[in-house]
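# Coordinates in review
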Amino acid sequence: KNEVEQSPQNLTAQEGEFITINCSYSVGISALHWLQQHPGGGIVSLFMLSSGKKKHGRLIATINIQEKHSSLHITASHPRDSAVYICAVSPRGTDKLIFGTGTRLQVFP
Amino acid sequence: NAGVMQNPRHLVRRRGQEARLRCSPMKGHSHVYWYRQLPEEGLKFMVYLQKENIIDESGMPKERFSAEFPKEGPSILRIQQVVRGDSAAYFCASSLTTATDTQYFGPGTRLTVL
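In this text, all values refer to a predicted model and were calculated from it rather than measured experimentally.

## Concerning the interface of chain B and chain A
In many analyses, interface size is given as the accessible surface area lost on bringing the parts together. Contacts between the two partners involve 19 residues from chain B, matched on the other side by 16 residues from chain A. Buried surface at the junction of chain B and chain A, summed over both partners, amounts to about 1,500 Å²; 60% is from carbon and sulfur atoms. Here chain B is connected to chain A by zero salt bridges. At the junction of chain B and chain A, the tally comes to two residue pairs in polar contact (both at pLDDT 80 or more). When residues in the side of chain B that touches chain A are grouped by element, the largest group, four residues, is from strand β5 (residues 43–50) of chain B. Class assignment for the residues of the side of chain B that touches chain A results in nine nonpolar, six polar and four charged.

## Some details on the pairing of strand β9 (residues 88–95) of chain B
Residues and elements named next belong to chain B. The element β9 is extensively covered by neighbouring structure, given that eight of its eight residues are classed as buried. Residue alternation in β9 divides its side chains into two sets, Ala88, Tyr90, Cys92 and Ser94 and Ala89, Phe91, Ala93 and Ser95, and both sets are buried. When strand β4 (residues 31–37) meets β9, the two strands line up antiparallel, connected through seven bridges. Its bridge partner lying in β9, Tyr33 is registered against Ala93.

## Observations regarding the sheet that holds strand β8 (residues 75–79) of chain B
All names here are of chain B. A sheet is described by the order of its strands in space; here four strands give the open sequence β1-β3-β8-β7, paired in antiparallel fashion. A strand with exactly one partner marks an edge of an open sheet, and here the two such strands are β1 (5–7) and β7 (65–68). Each neighbouring strand pair of the sheet contributes to a mean axis angle of 15°, computed without reference to strand direction. In this sheet, β8 lies alongside β7 in antiparallel orientation, the contact comprising four bridges. If you follow Phe65 over to β8, its bridge partner there is Ile79.

## A look at the environment of B:Asn53
Residue and element names in this part refer to chain B. Here Asn53 is to be found in strand β6 (residues 53–56). A residue is classified by how much of its surface remains accessible, and Asn53, at 44% relative accessible area, is partly exposed. In sequence terms Asn53 and Lys71 are 18 residues apart; their C-alpha atoms lie 9.4 Å from each other.

## A look at unusual backbone geometry
With an omega of -10°, the peptide bond running from A:Ser7 to A:Pro8 counts as cis. Tracing the backbone through its elements, the reader meets A:Pro8 in the loop between β1 (4–7) and β2 (10–14). For the bond from B:Asn7 to B:Pro8, the omega torsion is -5°, close enough to zero to count as cis. Here B:Pro8 is to be found in the loop between β1 and β2 (10–13). With phi around 45°, A:Ala76 is a residue other than glycine that occupies positive phi space. Here A:Ala76 shows up in the loop between β8 (69–74) and β9 (83–91). With a phi close to 45°, B:Gln81 is a non-glycine residue in the positive phi region. Within the secondary structure, B:Gln81 is located in the loop between β8 and β9. B:Gln81 gets classed as exposed once you look at its relative accessible area, which sits at 54%.

## With respect to the state of the cysteines
All names here are of chain B. Overall, the coordinates contain two disulfides over all chains when judged by the stated rule. One disulfide bridge connects Cys23 with Cys92, the sulfur atoms lying 1.7 Å from each other. Sign of the S-S torsion, about -45° for the bond between Cys23 and Cys92, identifies this disulfide as left-handed. Here Cys92 lies in strand β9 and Cys23 lies in strand β3 (residues 19–24), a separation of 69 residues in the sequence. Residue classification places Cys23 among the buried residues on the basis of a relative accessible area of 0%.

## Comments concerning the packing of aromatic side chains
On inspection of all chains with the given rule, the structure shows five aromatic pairs over all chains. Summarising the aromatic geometry, the rings of A:Phe99 and B:Tyr35 are spaced 5.1 Å apart at their centres and angled 90° between planes, so their arrangement reads as edge-to-face. Of this pair, A:Phe99 sits in strand β10 (residues 98–99) while B:Tyr35 sits in strand β4, which puts the two residues in different chains. Taken individually, A:Phe99 and B:Tyr35 each receive the classification buried, so the pair is uniform in this respect.

Criteria and thresholds
- Residues numbered from 1 in each chain as written.
- Chains lettered and ligands numbered in written order.
- Predicted model: local features only at pLDDT ≥ 70, side-chain atom pairs only at ≥ 80, totals over all residues.
- Heavy atoms only, no water.
- Contact = heavy atoms within 4.5 Å.
- Buried area = accessible area lost by both parts, 1.4 Å probe.
- Salt bridge = Lys/Arg side-chain N within 4 Å of Asp/Glu carboxyl O.
- Polar contact = N/O pair within 3.5 Å; in protein donor to acceptor, adjacent residues only side chain to side chain.
- Helix = DSSP H or I, 4+ residues; strand = E, 2+ residues; numbered from the N terminus.
- Nonpolar A, V, L, I, M, F, W, Y, C, P; charged D, E, K, R; others polar.
- Buried < 20%, exposed > 50% of the residue type's maximum accessible area, 1.4 Å probe, protein only.
- Pairing = 2+ DSSP bridges.
- Axes fitted to C-alpha atoms, helices over the stretch in contact; angles between N-to-C directions.
- Disulfide = S-S within 2.5 Å.
- Phe/Tyr/Trp six-rings, centres within 6.5 Å; stacked < 30°, edge-to-face > 60°.

Spelled out as structure tokens, the structure:
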């Protein structure tokens, strides 16, 4: 079993829909990261969380440390949101990231 | 402030040759991380370096792979005697402090071994 699990693996949506991507992890962490990988391969850091909730534009990330779970929400989704969304954790006491396998999102007009 | 730079963007090598991948972190960042993404697979940690020091190389294959981050110049990931299984995208990231800080990723180097 992977230390970081994401669901769903693939997600399709119509423009305007509310999107939720889930991430569960099995190790103690010092931080959780949400990343976006574009079709061309480039990776952008969206959020870094250690507790609570963060919002940036139409993106919201939440984390529940007790339940070892995080969610990434996209409100009013748009075709340009189509990408792979990756959850990664920094295990406590280390400086490396462990990655989930990603969620491939396609938003259709 | 330029982002993380990687070069080359694409590298083709024949089996048995050496591959050198370069990464220049963001200005002011002294923490560098290398990750590998095999075709159709997720990202995997390889190595974490600070200037002149390897901090964590637990993700590096035991043979043929090495990394450095000298006092002057870019970080280098070196793969000796490449094999077809080394074909992958290699990403570098940098951060101001440790992995609990936001990491900024370079565009990646896509290595193809013929």
